[in-house]
Amino acid sequence: MKQINVGIVGYGVVGNGVAKILEEKKELLRKKSGVEINLKKVFTRNWNKQFAFPLKENQKANSLEELLNDEDIQIIVELTGGIDFPYRLFMDAIDKNKHIVTANKALLAEKGKDIFLKAEEKGIRIGFEAAVAGGIPIIRALREGLVANKIGKIYGILNGTTNYILTEMFKKGRDFKSVLKEAQELGYAEADPTLDINGTDAAHKIAILASLSFGGFVDFSGVYIEGIEDIDTLDISLGRELGYTLKLLAIAKSHNGEVEVRVHPTFLPSEHPLAKVDGVFNAVMVEGDSVGETMFYGKGAGSLPTASSVVSDIVDIAKSIALGVGREIEITSMNWEHKDLSITKADDFYTRYYLRFTVPDVTGILAKVAAVFAKYNISIAAVIQKEKVLSLTEKENDKVVPLVILTHTASENNIQKAIKEIEEQNITRRKTVIIRVEDEEQ
Ligand code: HSE
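The shown structure was predicted, so the numbers you read here are calculated from the model rather than taken from an experiment.

For the rest of this paragraph, the subject is the overall build of the protein chain. Counting its regular elements, the protein chain contains 14 helices and 19 strands. Taking 22 Å as the expected radius of gyration for a compact globule of 442 residues, we find that the protein chain reaches 24 Å, a close match to that expectation. Considering only C-alpha atoms, the protein chain reaches an extent of 80 × 45 × 35 Å along its principal axes. Evaluated residue by residue, the protein chain yields a buried proportion of 54% over its 442 residues. When contacts within the protein chain are restricted to residue pairs at least 6 apart in sequence, long-range pairs at least 24 apart make up 74% of them. Between the centroid of the 56 positive side chains of the protein chain and the centroid of its 63 negative side chains there is a distance of 3 Å.

What follows is the structure, given as C-alpha cells:
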C-alpha cells in the first residue's frame, strides 16, 4: 500500500485536532482511502507548552526547513493563520513541489490569485475545505456535487463566533464580552477576534465561495463588510416584532454579469431556515439552476470539526498522488472562467431595509420622513413608532422615540441619499440605524 507523508506547520487548536485524527483514525482512513497516511513532522515555534494531543518526540521539528527539505513529505498542512508568513511558506512549498492543505481563509481571499496561478503552473494542488465553514464540506459540494449547476446565489452564516455571540446574547440575554471570551476559550474565535466581530472572517469565506461559484478571482477590497460591533438589542427586539431574526449574513449573487459580495448584519424572516441556525453552527444555502435550493449545515469552527475538513483534503490529495492522477486535470483553481470577477459597488445594491430613526415625538415628523422617501422613490412597507421614550444622552434635552421604517426593495444609493437628507434636515436626533433585510420580495 502506498504511504503518503504529511508535515504540519502550526500546532494550535486545529493542528492538534488534525494530528489526533491522523493518528487515532489511521486504520479507518487506510480502509476508506486505500492509502496509508503518515504524520511525519510537525513544526511549531514553541514546543514548551501543554498540547491537547501530545506528539511523539520524533515528530517534532525545530525548523520549517526540516519539513520543506524532507523529500519524503508530499503534503504540507498550513495551520498558522495570518498572511505574510503562510504566503512565503506556500511559495516555498510550491517551489519544492509539495501539495498544500490549509484552513487559512484570509490568505486565500487576499492573496489567492498569486497562489492559485503559481500552483496551477507547477501542477500543485491546494486543498482548502477547512477554510470555509469549518466542518461543512461546502468546497467539495461546489466543485463536485454541484458541478452540473450554474450558481445564481450562495449565502449563509459563515462565522461561528459571531453566530454564537448573537445566539447567546439574544436567547439568554448574556453580555457581549463574556460570550466572546467563552468563544475564544472554546477555540472558535480567530487569534485576533476583531476579525470575527467586524465581519472580515466571514468576508474572507464568502470571497472564496464567490470565486468557486462564479469562476473568477474576487478582488477582496471590493467586498462590502459590516460587523456586529454596533448592534443594539433594541433593534433585535423591534425586528422581532416585524417577524425577523438578526444574523451576520454573507451573500454572493450574480446578476447582469457582475457579482455582489457582501457581509452585514441582516434581518431574515424568522421562519427562514438560516434564522434557525444557532450557536457555533454555520449554514450555507446554494441556489443552482439544476438542483434548485440546497442547504449545508454543520459546525463552523472548533478543533475537530475543522480538522475533519483538513483531513478530507489530505486524503483526497493522497489518493490522487497514489493513483497518479494526471495533474493537468486537477481543478485546483478557483477561476474556471479564467477572469477576474466584476464586483458590484455598494451603491448599486438593491435590497429591503430596516431603518431606525431617533426622532422627537412631535407633530409632522412622520410626514417629513415620508416626503423624503417619496422624493427618492423609496416605498414604505411597514412603520413602527414606539411611545416609549428612549433614555437621553448627555447632549439631548427633548424626548426622543424610535421610529422604524421597513422598506420594499430599494437602491442603496437612494437609501443613503434619503438618510443624509433626513439627517441634514434635523428631523432625526441620532445616527440612523440601517439593517438590510433579505426576504422573498427580492
Ligand atoms: N473564527 C472562525 C469562526 C473560525 O468563528 O467561524 C473558523 O474559520
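What follows continues from the structure just given.
What follows covers the domain arrangement of the protein chain. Along its sequence, the protein chain is organised into domain 1 (3-135 + 303-330), domain 2 (138-298) and domain 3 (349-437). Distance from the C-alpha centre of domain 1 to the C-alpha centre of domain 2: 26 Å. Opposite the 19 residues of domain 1 that make contact, domain 2 presents 19 residues. Of the roughly 1,600 Å² buried between domain 1 and domain 2 on both sides combined, carbon and sulfur atoms contribute 64%. The interface formed by domain 1 and domain 2 holds five salt bridges in total. Put simply, domain 1 and domain 2 have eight residue pairs in polar contact (both at pLDDT 80 or more) between them. If you list the elements that add at least two residues to the side of domain 1 that touches domain 2, you get helix 5 (105-122) and helix 12 (303-323). For the side of domain 1 that touches domain 2, the element with the most residues is helix 5, which contributes nine residues.

A few words now on the side chain of Asn282. Position of Asn282 relative to the elements: it lies in strand 12 (residues 281-288). Given the relative accessible area of 0%, Asn282 is considered buried. If we skip the residues at most four places from it in the chain, Asn282 touches Ala133, Ile136, Ile157, Leu158, Asn159, Gly160, Val277, Phe296, Tyr297, Gly298 and Gly300.

Next up on the list: the site of the ligand. What surrounds the ligand is the set Lys105, Asn159, Gly160, Thr161, Tyr188, Ala189, Glu190, Asp196, Asp201, Lys205, Gly300 and Ala301. In the model, an oxygen atom of the ligand is placed 3.4 Å from a nitrogen or oxygen of the Asn159 side chain. Within the side chain of Thr161, one N or O atom sits 2.6 Å away from an oxygen atom of the ligand. Notes on the ligand: free accessible area 260 Å², of which the protein chains cover 94%. Mapped by element, the contributors of at least two residues to the shell around the ligand are helix 7 (160-172) and helix 10 (200-214). For the shell around the ligand, the per-class residue count stands at three nonpolar, four polar and five charged.

This brings us to the packing of aromatic side chains. Per the counting criterion, the structure on display carries 10 aromatic pairs. Taking 5.5 Å as the distance between ring centres and 70° as the angle between the ring planes, the aromatic pair formed by Phe116 and Phe128 counts as edge-to-face. On the criterion of sequence distance, the pair formed by Phe116 in helix 5 and Phe128 in the loop between strand 6 (126-127) and helix 6 (138-145) is long-range, its members being 12 residues apart. Like Phe128, Phe116 is buried. Consider the rings of Phe281 and Tyr297, whose centres lie 4.8 Å apart with planes at 0°: the pair is stacked. Placement of Phe281 in strand 12 and of Tyr297 in strand 13 (residues 292-299) is noted, with a sequence separation of 16 residues between them. With relative accessibility at 48%, the residue Tyr297 sits in the partly exposed group. Between Lys111 and the ring centre of Tyr87, over which it is positioned, the NZ or CZ distance is 5.2 Å.

Within the secondary structure, Thr344 is located in the loop between strand 14 (339-340) and strand 15 (350-360). For Thr344, a relative accessible area of 3% puts it in the buried group. At 3.0 Å, the side chain of Thr344 forms a polar contact with the side chain of Glu258. Apart from the residues lying within four places of it in its own chain, the contact partners of Thr344 are His255, Glu258, Val259, Glu260 and Phe349.

Summarising burial for strand 7 (residues 151-157): six of the seven residues are buried, a large majority. As defined by bridge partners, strand 7 adjoins strand 10 (residues 244-255) across four bridges and the pair is classed as antiparallel. Its bridge partner lying in strand 10, Tyr155 is registered against Ile251.

Within soluble globular proteins, side chains that are nonpolar tend to cluster in buried spots. With 84 residues, the main nonpolar core has Phe128, Ile138, Ile208 and Leu209 as its most contacted residues. At nine residues, the largest contribution of residues to this core is made by helix 10. Membership of the second largest hydrophobic core comes to 31 residues, among which are Val14, Ala130, Ile314 and Ala318.

Below, the discussion takes up the pattern of salt bridges. Per the counting criterion, the structure on display carries 32 salt bridges. In this structure, the salt-bridge partner of Lys40 is Asp72, at a minimum N-O distance of 3.6 Å. Of this pair, Lys40 sits in strand 2 (residues 36-43) while Asp72 sits in the loop between helix 3 (64-68) and strand 4 (73-78), placing them 32 residues apart in sequence. Judged by relative accessible area, which is 44%, Asp72 ranks as partly exposed. Residues Lys181 and Glu185 are paired through a salt bridge, measuring 3.1 Å at the closest nitrogen-oxygen approach. One end of the pair, Lys181, and the other, Glu185, are both in helix 8 (residues 176-185), four residues apart, so they sit about a helical turn from each other. Taken as a pair, Lys181 and Glu185 share a single burial class, namely exposed. If you follow the salt bridges from partner to partner, you end up with Arg125, Glu129, Arg140, Asp313 and Asp316 in one network.

About the criteria used
Residues numbered from 1 in each chain as written. Predicted model: local features only at pLDDT ≥ 70, side-chain atom pairs only at ≥ 80, totals over all residues. Heavy atoms only, no water. Helix = DSSP H or I, 4+ residues; strand = E, 2+ residues; numbered from the N terminus. Rg over C-alpha atoms; globule rule 2.2 N^0.38 Å. Buried < 20%, exposed > 50% of the residue type's maximum accessible area, 1.4 Å probe, protein only. Contact = heavy atoms within 4.5 Å. Lys, Arg positive; Asp, Glu negative; His and termini not counted. Charge placed at Lys NZ, Arg CZ, Asp CG, Glu CD. Domains from an automatic or database assignment. Buried area = accessible area lost by both parts, 1.4 Å probe. Salt bridge = Lys/Arg side-chain N within 4 Å of Asp/Glu carboxyl O. Polar contact = N/O pair within 3.5 Å; in protein donor to acceptor, adjacent residues only side chain to side chain. Near = heavy atom within 4 Å. Areas by Shrake-Rupley, 256 points an atom, 1.4 Å probe, with all protein chains shown as cover. Nonpolar A, V, L, I, M, F, W, Y, C, P; charged D, E, K, R; others polar. Phe/Tyr/Trp six-rings, centres within 6.5 Å; stacked < 30°, edge-to-face > 60°. Lys NZ or Arg CZ within 6 Å of the ring centre and 35° of its normal. Pairing = 2+ DSSP bridges. Core = buried A, V, L, I, M, F, W, Y, C linked by side-chain atoms within 4.5 Å.

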